Amino acid sequence: MRILLVEDDDDLSRQIRRALDDAGYTVDAAEDGEEGHFLGDTEPYDAVILDLGLPIMDGASVLKKWRSDGKVMPVLILTARDSWTDKVEGLDAGADDYLTKPFKMEELLARLRALIRRAAGQASAQLECGPVMLDTRSSRVTVDGSPIKLTAQEFKLLAYMMHHTGKVVSRTELTEHIYDQDFDRDSNTIEVFVNRIRKKLGVNILHTVRGLGYQLDMIEG
Ligand code: CA
């Protein structure tokens, strides 16, 4: 899952980036509203964390512009003041949720998980596909209850697929959602990751759809 973070406070941005990285997300960060708007406009994100008080273009304007251009990704706004008018303005601009600074990183992660889950039509924090379970809270994967050790990239790929069970996902889409903007993307490496994941899981749930991409079995867990 790939997240856009738009936050002009260096320290806070670094803390959030580290927490997101530890939780297994891919992160692009912008420090002003203009750059943030551009990234959200041109790259596909699974969710956005958007500060309202930003240089060049304020967060509410960024959000209104995205929404009027038909961008529907979930957006969590950060507001510095505990002011109800900020929250109302942000929600009216098209935000899905808000968080008032200062906040606990755990709360930010929980709200983000909920937004991503809702956008993917998933009700539970534990994603299941047959014997495979991915816990979005602990970033752990098990098969029949036994823990499976995945690398960060393998986890990102599986997490994206588990959020889109039953859907045919192209290599390009996977590439766009597991690498950040600075990564030298090569969609051929996706095949390598998929094969490693298959081997590690030991169960055949990740299928190749010839010429189109990959599909995860739609099995009720
Ligand atoms: Ca700010």
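Model, not experiment: these values are computed from the prediction.

About the cut-offs
Residues take numbers from 1 onward in each chain, read along the sequence in its written order. Whole-chain, interface and lining totals are the exception, using all residues; otherwise, since this is a predicted model, local features are given only for residues with pLDDT of at least 70 and side-chain atom pairs are given and counted only at 80 or more. Only hydrogens and water are set aside; all other atoms, that is, all heavy atoms of the structure, feed into the side-chain values. Whether two strands pair depends on DSSP finding at least two bridges between them. Here a strand is any run of E in DSSP of at least two residues, a helix any run of H or I of at least four, and the numbering for each starts at the N terminus. Only C-alpha atoms enter the line fits that serve as axes; for helices the fit covers just the stretch in contact. Angles between N-to-C directions range over 0 to 180 degrees. Categorising residues by exposure relies on relative accessible area from a 1.4 Å probe, with only protein chains included: less than 20% of the type maximum marks a residue as buried, more than 50% marks it as exposed, and the intermediate range marks it as partly exposed. Note on terminology: a nonpolar core comprises buried Ala, Val, Leu, Ile, Met, Phe, Trp, Tyr and Cys residues joined through side-chain atoms within 4.5 Å. The domain boundaries here were taken from an automatic or database domain assignment. Note on contacts: a residue pair qualifies if any of its non-hydrogen atoms lie within 4.5 Å across the two residues.

> Describe in detail the sheet that holds strand β2 (residues 26-30), supporting the description with residues and values.
Taken together, the five strands give an open sheet; going across it, the order is β2-β1-β3-β4-β5, and neighbouring strands pair in parallel fashion. Each edge of the sheet is formed by a strand with only one pairing partner; in this case those strands are β2 and β5 (97-100). The sheet shows a mean angle of 20° between the axes of neighbouring strands, direction not considered. Summarising the sheet, strand β3 (residues 47-51) and strand β4 (residues 75-79) pair through four bridges and their orientation is parallel. Bridging from a neighbouring strand, Val48 pairs with Val75 of β4.

> I'd like a description of the pairing of β2, backed by residues and values.
Of all the five residues making up β2, four are buried; the element is thus mostly covered by neighbouring parts of the structure. In the sheet, strand β1 (residues 2-6) pairs with β2 via five bridges, with the strands oriented parallel. Counted as the bridge partner of Arg2 is Thr26 from β2.

> If you had to explain the environment of Ala110 to someone new, which residues and values would you point to?
When you line up the elements, Ala110 lands in helix α5 (residues 105-119). You can call Ala110 partly exposed: its relative accessible area is 32%. Along the primary structure Ala110 and Thr136 are separated by 26 residues, whereas in three dimensions their C-alpha atoms are 9.4 Å apart.

> Tell me about the nonpolar core, and please be specific about residues and values.
Counting residues in each nonpolar core, the largest one holds 50 residues, and the members touching the most others are Ile16 and Ile49. For this core, the element with the highest residue contribution is helix α6 (residues 152-163), accounting for seven residues. Lining this core are residues from two domains, each supplying at least three of them: domain 1 (2-119) and domain 2 (126-216). Excluding residues that lie within four positions of it along the chain, Ile16 makes contacts with Leu5, Ile49, Leu78, Phe103, Met105 and Leu108. Residues Ala30, Leu63, Ile77 and Ala95 belong to the second largest nonpolar core, which totals 18 residues.

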